[in-house]
Structure formats: C-alpha cells, structure tokens
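The primary structure of each chain is shown beneath.
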Amino acid sequence: MKCLLSICHKKISYNLFILAIAVYFGTVLNVPLWLAFYEILSKLERVNIGFVISLPIFIIAALNIIFQAFAWPYISRVFFWYFNINFCHYCLCILSIRCYF
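Residues numbered from 1 in each chain as written. Predicted model: local features only at pLDDT ≥ 70, side-chain atom pairs only at ≥ 80, totals over all residues. Heavy atoms only, no water.

## Some details on helix 3 (residues 31–43)
Then, number 1: The terminal C-alpha atoms of helix 3, which comprises 13 residues, lie 19 Å apart, in line with the 18 Å expected from a rise of 1.5 Å per residue.
Then, number 2: Among the residues of helix 3, those classed as buried are Pro32, Ala36 and Leu41. Angularly, the buried residues of helix 3 cover 165° about the axis, an arc narrow enough to put them on a single face. (Helix = DSSP H or I, 4+ residues; strand = E, 2+ residues; numbered from the N terminus. Expected span 1.5 Å × (residues − 1). Buried < 20%, exposed > 50% of the residue type's maximum accessible area, 1.4 Å probe, protein only. Arc of directions from axis to C-beta.)

As structure tokens, then:
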C-alpha cells in the first residue's frame, strides 16, 4: 500500500503533464474525430499506411504545442478544467446528433 501511495505522490514535470493531457485529449476525447477518419478511410480503395499512422501523431503533437502555451502553473488548472468540460460537451454533441461545429 505504501508503494502505491508513493507512486501517486511523485511529482512530474509540466512537460510530461502536458504530454499526458495531449494524449488524453488526442485519443480518448477525440473518438468522434477518429470515427470520421475511419469512415473516410474505409471508403478509399488504397490507403497509404504512413498517412494513417501520422494522423494520431499529428493530432497529439498539435495539441501538445497548443497546450504548452497554457502551461503556466497559475492558469493551467483553470484552463484545462474549462477546456475539458467544453470539449466533452462538444464530443457529446457530435456523437448524439452528428452536429459538427
């Protein structure tokens, strides 16, 4: 139990935190985007595997660059909570009524 608590209380750098948030937003919260990509790519006869592999890498890298601008300790928590709530609402709209903003 103490080992588990010591892992939970480890301090991580802001860069690793921002990368983890970018991976979370790029994979878990972008399910509607991945479904749209799947629909588009499944209709094509021939798909370049390099393009398919580069899509998630590009999305995560772009989110990482955007999130690095808000990595200041005093505004990062507020920004990420606000962004998370709005992004979840956006994903819910896309999944429920197929409404793209």
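Next comes the rest of the write-up.
## Here's the deal with the packing of helix 3 against helix 4 (residues 49–68)
A pair of packed helices is characterised by two quantities: the angle between their axes and the separation of those axes.
Then, number 1: Running from amino to carboxyl end, helix 3 crosses helix 4 at an angle of 160°, the nearest separation of the two axes being 12 Å. Put simply, helix 3 runs roughly antiparallel to helix 4. The handedness of the crossing between helix 3 and helix 4 is right-handed. Residues Leu33, Trp34, Phe37 and Leu41 of helix 3 form the contact with helix 4, whose own contacting residues are Phe51, Val52, Leu55, Pro56 and Ile59.
Then, number 2: In terms of residue class, the contact of helix 3 with helix 4 is made up of nine nonpolar, no polar and no charged. (Axes fitted to C-alpha atoms, helices over the stretch in contact; angles between N-to-C directions. Parallel < 35°, antiparallel > 145°, perpendicular 65-115°, else oblique. Left-handed = near helix turned anticlockwise from the far one by under 90°. Contact = heavy atoms within 4.5 Å. Nonpolar A, V, L, I, M, F, W, Y, C, P; charged D, E, K, R; others polar.)

## With respect to the environment of cysteine 93
Then, number 1: In this structure, cysteine 93 sits in helix 5 (residues 73–97).
Then, number 2: Separated by 61 residues in the primary sequence, cysteine 93 and proline 32 place their C-alpha atoms 9.7 Å from one another.

## A few points about the layout of surface pockets
Then, number 1: The volume enclosed by the largest pocket comes to roughly 240 Å³.
Then, number 2: What lines the largest pocket is a set of twelve residues, and nearest its centre among them are Phe17, Ile21, Arg77, Phe80 and Trp81.
Then, number 3: Mapped by element, the contributors of at least two residues to the lining of the largest pocket are helix 2 (14–27) and helix 5. (1 Å grid on protein atoms, 1.4 Å probe; cavity = no way out; pocket = protein on both sides within 12 Å on 5 of 7 lines; lining within 4 Å. Points joined across faces, edges and corners; volume = space filled by probe spheres on them.)

## Concerning the environment of leucine 63
Then, number 1: Along the chain, leucine 63 turns up in helix 4.
Then, number 2: Classification of leucine 63 as buried rests on a relative accessible area of 15%.
Then, number 3: Separated by 37 residues in sequence, leucine 63 and glycine 26 have C-alpha atoms that sit 7.2 Å apart.
Then, number 4: Other than its neighbours up to four places away in sequence, leucine 63 contacts Ala22, Phe25, Gly26 and Asn30.

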